[in-house]
Amino acid sequence: MIDVTIANFEEEVVAASMTIPVLIDFWAPWCGPCKSLGPILEKVEIAYGGRFKLVKIDSDQEQQLGAAFGIRSIPTCILMMNGQPVDGFAGALPEGKVKEFLDKHLPPAEDLPPAEEAIAEPEDTSPAAVLEKLQAAVATDPADDNARFDYIRLLLQHGQVEHARAAFAPVVSKAPTVRKFETLQHWFNAIESGAAHADAAKAQAGFDAKLAANKRDFDTRYALAQLHMSQQRWVPAMDELLEILMRDKSWNGELARKTFVSILEIIEPPRVKVADGQIPPDDPTVATYRRRLSSVVLS
């Protein structure tokens, strides 16, 4: 199963359907029936062993693609063959009905070419292995900002703050102009702010008391958000930043909005290409809070 956007639609859907049927699942994170149909489609894809390819399109994020297919309700599935839609269905069908739909169009299993005998060893995705790979990437190409960002982010996620500072030092001057490094600077600032409080629970209680007396004490609210950030409590941090934004979007040079966007970038799973049948990282928190930010900023 692959997540498809307008950027990779031509490659992953149109071109792919010239050699294998592609089933598109139009869905959305808030859609209840989508949550029941999704696992069924993924199970069937695995069971059919390469007879078709499953892709998912978030209809909220990819409205242009939804409009192109005339999607009026979700979930809706469209089957593509030879670059063209050939059939589809709407609603959360049970597994038997999904198979019945597919069997009308898919080639029999015996018509498929034999699978390759050699099986590649799975990639080591442990934190230590990923850190080693990213460290090597930065050493090989110090100008690779994406690799450096991922490396420093992973170091901070595992509490290796001093190693992260050392890796950040060569690019700290780029923080005002490079989005990824500004994101890391906000995180380092939060860690420093949090370290100033020997007792985090006591500090939070003090912040809460001040905010109970004055909800527009934005300095205190931002300090509380930084305390949450320093301990990687991302949702409470974003909630506090939203409280500032709802009252004053431009406060302190839009610091609340910039920090909020930084948190989204920190917690969003890395964009990786996955093999058919595997589920890519999906963080519904990111999607939810991105919508909440848009709602507040545009209101």
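Just so you know, these numbers come straight off a predicted model, no measurement behind them.

Colleague: Help me understand the overall build of the chain, please; the structure alone is not making it clear to me.
Modeller: Helix and strand content of the chain: 13 helices and five strands. Overall, the chain is about 65 × 45 × 30 Å in size when its C-alpha atoms are taken along their principal axes. Within the chain, buried positions represent 41% of all 299 residues. On the chain, the mean spot of the 31 positive side-chain charges and the mean spot of the 43 negative ones are 8 Å from each other.

Colleague: Is there a simple way to think about the packing of aromatic side chains in this case?
Modeller: Each pair of aromatic rings is reported with the distance of its centres and the angle of its planes. According to the stated counting rule, one finds 10 aromatic pairs in the structure shown. Arranged with centres 6.0 Å apart and planes meeting at 70°, the rings of phenylalanine 9 and phenylalanine 69 form a pair that is edge-to-face. Here phenylalanine 69 lies in the loop between α3 (63–68) and β4 (76–81) and phenylalanine 9 lies in helix α1 (residues 9–15), a separation of 60 residues in the sequence. Taking the relative accessible area as the measure of exposure, phenylalanine 69 reaches 22% and is therefore partly exposed. Here tyrosine 222 and tryptophan 251 contribute two aromatic rings whose centre-to-centre distance is 5.7 Å and whose plane-to-plane angle is 50°, an arrangement assigned as tilted. Residue tyrosine 222 is found in helix α10 (residues 218–230), and its partner tryptophan 251 is found in helix α12 (residues 251–267); the two are separated by 29 residues along the sequence. What links up through ring pairs into an aromatic cluster is the set Phe9, Phe26 and Phe69. In this arrangement the basic side chain of lysine 56 is found over the ring face of tryptophan 27, its NZ or CZ atom lying 4.1 Å from the centre. Above the ring of phenylalanine 149, the side-chain terminus of lysine 180 is found at 4.6 Å from the ring centroid.

Colleague: Before we go on, may I ask you to explain the packing of helix α8 (residues 179–195) against α10 in this structure?
Modeller: Running from amino to carboxyl end, α8 crosses α10 at an angle of 100°, the nearest separation of the two axes being 8 Å. Between α8 and α10, the angle falls in the class roughly perpendicular. Note on element contacts: α10 touches α8 through Gln226, Leu227, Met229 and Ser230, opposite His186, Trp187, Asn189, Ala190, Ile191, Ser193 and Gly194. The class makeup of the residues in the contact of α8 with α10 is five nonpolar, six polar and no charged.

Colleague: Please clarify how the packing of helix α6 (residues 145–157) against helix α7 (residues 161–168) should be interpreted in this entry.
Modeller: The relative placement of two packed helices is expressed as an angle between their axes plus a distance between the axes. Taken N-terminus to C-terminus, the directions of α6 and α7 make an angle of 160°; their axes are 8 Å apart at the nearest point. When the axis of α6 is compared with that of α7, the two are roughly antiparallel. As α6 runs across α7, the sense of the crossing is left-handed. In contact with Arg148, Tyr151, Ile152, Leu155 and Leu156 of α6, α7 contributes Val161, His163, Ala164, Ala167 and Phe168. Residues that form the contact of α6 with α7 fall into these classes: eight nonpolar, one polar and one charged.

Colleague: Can you help me understand the confidence of the model for the chain in this one?
Modeller: Any region with low pLDDT has predicted coordinates that should not be read closely. The predicted model of the chain has a mean per-residue pLDDT of 89, with 91% of residues at 70 or higher. For the chain, helix α13 (residues 284–298) is the element with the lowest average pLDDT, namely 86, and α10 is the one with the highest, namely 97.

Colleague: Would you mind showing me how to read the state of the cysteines here?
Modeller: What is meant by a disulfide is a covalent connection between two cysteines, made through their sulfur atoms. Counted by the stated rule, this structure contains one disulfide. The thiol of cysteine 77 is unpaired, and the distance to the nearest cysteine sulfur, on cysteine 34, comes to 8.8 Å. Using a relative accessible area of 0% as the deciding quantity, one classes cysteine 77 as buried.

Colleague: Can you walk me through the sheet that holds strand β1 (residues 2–3) in this structure?
Modeller: To summarise the sheet geometry, strands pair through backbone hydrogen bonds and adopt either a parallel or an antiparallel arrangement. Within the open sheet, the five strands sit side by side as β1-β3-β2-β4-β5. Their pairing is mixed. The sheet is open, and its two edges are formed by β1 and β5 (84–90), each paired on a single side. As paired elements, strand β2 (residues 22–27) and strand β3 (residues 53–58) share six bridges and run parallel to each other. Counterpart to valine 22 in the pairing with β3 is lysine 53.

Colleague: What's the story with the side chain of glutamate 268 in this structure? I'm lost.
Modeller: Examined against the element boundaries, glutamate 268 turns out to sit in the loop between α12 and α13. Judged by its relative accessible area of 19%, glutamate 268 falls in the buried class.

Colleague: Mind showing me how you'd approach the nonpolar core here?
Modeller: It is characteristic of soluble globular proteins that their nonpolar side chains tend to be buried jointly. Formed by 45 residues in total, the largest nonpolar core has its most connected members in Ile152, Leu156, Phe168, Leu184, Phe260 and Ile263. Mapped by element, the contributors of at least two residues to this core are α5 (127–140), α6, α7, α8, α10, α11 (234–247), α12 and α13. In terms of residues, this core owes the most to one element, α12, which gives eight residues. Residue contacts for isoleucine 152: discarding those within four places in its chain leaves Ala164, Ala167, Phe168, Leu184 and Phe188. Judged by nonpolar contacts, the second largest core, of 20 residues, contains Val4, Ala28, Cys34 and Ile71.

Colleague: Help me out: how do you make sense of the pattern of salt bridges in this one?
Modeller: Note on pairing: side chains with opposite charge can pair once their charged atoms come close. For the structure on display, the rule yields 18 salt bridges. Overlapping salt bridges bring together Arg179, Lys180, Glu182 and Glu265 as one network.

Conventions we followed
- Residues numbered from 1 in each chain as written.
- Predicted model: local features only at pLDDT ≥ 70, side-chain atom pairs only at ≥ 80, totals over all residues.
- Heavy atoms only, no water.
- Helix = DSSP H or I, 4+ residues; strand = E, 2+ residues; numbered from the N terminus.
- Buried < 20%, exposed > 50% of the residue type's maximum accessible area, 1.4 Å probe, protein only.
- Lys, Arg positive; Asp, Glu negative; His and termini not counted.
- Charge placed at Lys NZ, Arg CZ, Asp CG, Glu CD.
- Phe/Tyr/Trp six-rings, centres within 6.5 Å; stacked < 30°, edge-to-face > 60°.
- Lys NZ or Arg CZ within 6 Å of the ring centre and 35° of its normal.
- Axes fitted to C-alpha atoms, helices over the stretch in contact; angles between N-to-C directions.
- Parallel < 35°, antiparallel > 145°, perpendicular 65-115°, else oblique.
- Contact = heavy atoms within 4.5 Å.
- Nonpolar A, V, L, I, M, F, W, Y, C, P; charged D, E, K, R; others polar.
- Left-handed = near helix turned anticlockwise from the far one by under 90°.
- pLDDT = per-residue confidence, 0-100.
- Disulfide = S-S within 2.5 Å.
- Pairing = 2+ DSSP bridges.
- Core = buried A, V, L, I, M, F, W, Y, C linked by side-chain atoms within 4.5 Å.
- Salt bridge = Lys/Arg side-chain N within 4 Å of Asp/Glu carboxyl O.

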